[in-house]
Amino acid sequence: MVNAGKRSGRPRAGEERLSREAILTAALRIVDDEGIDALTMRRLAATLEVNPMSLYHHLPNKAAVLAGLAELVFAGLEQPDPGDSVPWDEQLKDAARGYRNALRAHPNLALQVLSDTSAVSAVVVVVVEPFYRALDRAGLSPRQIFEAANTLVDFIHGFSLGEASVRTENFDLAPDLITRVERLPAGKAPVLARVVGELGPEGLAYDFDSGFESGLATLTAGIAATRRR
């Protein structure tokens, strides 16, 4: 007689359709909705309605899941080489915008991507080729390509973390900054006081899109100057 408390040998309904892609899609949904901390193998199994052990046939641990999420999110950044039909600096800017947009679409994943070695490795393999390709087309040496790409990616990471912490398109810095500057002792930070005073509330309003484009233009100009040297 079969013990009623034991499961039959047949898989649960969810296990019959289980795949690496299905696991990662469910994991990404949890991370997007609730954050990295909400993602556990047990929670993931419950979401998929499968036995937790069945997950390990596809992904051995949570670290593998996170690396897989990075791969899933950024796989769409792989694009065909446009060749010389697009200037190298525009190719570089397009790569940077694409990477920023991918991070912005999944802000809860962004910090994990930046702090987990296996996740970073997965991202690097998928993300940097368009950067390297554009920089190579610019005529930079291998060392210059490596350093320029790292600088650009670091800029995007830092910018994205700041953007994710605010989660709005604009950041109204003006009221608090103006008040603080007005309270400074006479003669302290005179250039800051002058610039803030001349810009006023409207000039100090920060828009993330324009801020990103400004930083990207500055970095690209710097790379162009390196190229000329």
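Everything that follows concerns the structure shown earlier in this document.
Residues numbered from 1 in each chain as written. Predicted model: local features only at pLDDT ≥ 70, side-chain atom pairs only at ≥ 80, totals over all residues. Heavy atoms only, no water.

(A) Layout of the environment of E34. Along the chain, E34 turns up in helix α2 (residues 20–34). Placed 74 residues apart in sequence, E34 and N108 show a C-alpha to C-alpha distance of 8.1 Å. Every residue in contact with E34, bar those within four places of it in the chain, is listed here: R43 and N108. Looking at E34, its side chain comes within polar contact range of the side chain of R43, at 2.6 Å. (Helix = DSSP H or I, 4+ residues; strand = E, 2+ residues; numbered from the N terminus. Contact = heavy atoms within 4.5 Å. Polar contact = N/O pair within 3.5 Å; in protein donor to acceptor, adjacent residues only side chain to side chain.)

(B) Seen up close, helix α6 (residues 88–105). Taking 1.5 Å per residue as the helical rise, α6 with its 18 residues ought to reach 26 Å, and the 26 Å between its terminal C-alpha atoms agrees with that figure. All of the buried residues along α6 are W88, Q91, L92, K93, A95, A96, Y99, R100, A102 and L103. (Expected span 1.5 Å × (residues − 1). Buried < 20%, exposed > 50% of the residue type's maximum accessible area, 1.4 Å probe, protein only.)

(C) Structural context of the environment of E129. Counting through the fold element by element, E129 comes out in helix α8 (residues 117–137). The spacing of E129 and Q79 is 50 residues in sequence and 9.2 Å in space, taken between C-alpha atoms.

(D) Geometry of the packing of aromatic side chains. Under the definition given, this model contains six aromatic pairs. When the centroid spacing of 5.4 Å and the interplanar angle of 20° are considered together, the rings of F155 and F212 count as stacked. One end of the pair, F155, is in helix α9 (residues 142–166); the other, F212, is in helix α12 (residues 208–228), with 57 residues separating them in the sequence. Both residues of the pair, F155 and F212, count as buried. Centre to centre, the rings of F159 and F212 are 5.3 Å apart; their planes meet at 70°, and the pair counts as edge-to-face. One end of the pair, F159, is in helix α9; the other, F212, is in helix α12, and 53 residues separate them in sequence. Take F159: its relative accessible area is 11%, and that puts it in the buried class. (Phe/Tyr/Trp six-rings, centres within 6.5 Å; stacked < 30°, edge-to-face > 60°.)

(E) Expanded view of the side chain of S54. Here S54 lies in helix α4 (residues 52–55). Judged by relative accessible area, which is 11%, S54 ranks as buried. Engagement of the side chain of S54 in a polar contact is seen with the backbone oxygen of N51, the distance being 2.5 Å.

(F) Broad picture of the pattern of salt bridges. For the coordinates displayed, the defined rule picks out 15 salt bridges. The partner of R43 in a salt bridge is E34, and the shortest N-O contact between them spans 2.6 Å. Looking at R43, the relative accessible area reads 30%, which means it is partly exposed. Residue E34 is classed as partly exposed on the basis of its relative accessible area, which comes to 47%. For R100, the salt bridge goes to E163, with nearest N and O atoms at 2.7 Å. Here the residue R100 occupies a position in helix α6, and E163 occupies one in helix α9, the gap between them amounting to 63 residues. Residue class for R100 comes out buried when judged on its relative accessible area of 5%. Residue E163 is classed as buried on the basis of its relative accessible area, which comes to 7%. (Salt bridge = Lys/Arg side-chain N within 4 Å of Asp/Glu carboxyl O.)

(G) View of a nonpolar patch on the surface. Nonpolar side chains collect at one region of the surface, where V191, V195 and L199 lie side by side and expose about 240 Å² of accessible area between them. Checked against the element boundaries, V195 lands in helix α11 (residues 190–204). (Patch = residues over 30% accessible without salt bridge, like charges linked within 9 Å, V, L, I, M, F, W, Y side chains within 5 Å. Areas by Shrake-Rupley, 256 points an atom, 1.4 Å probe, with all protein chains shown as cover.)

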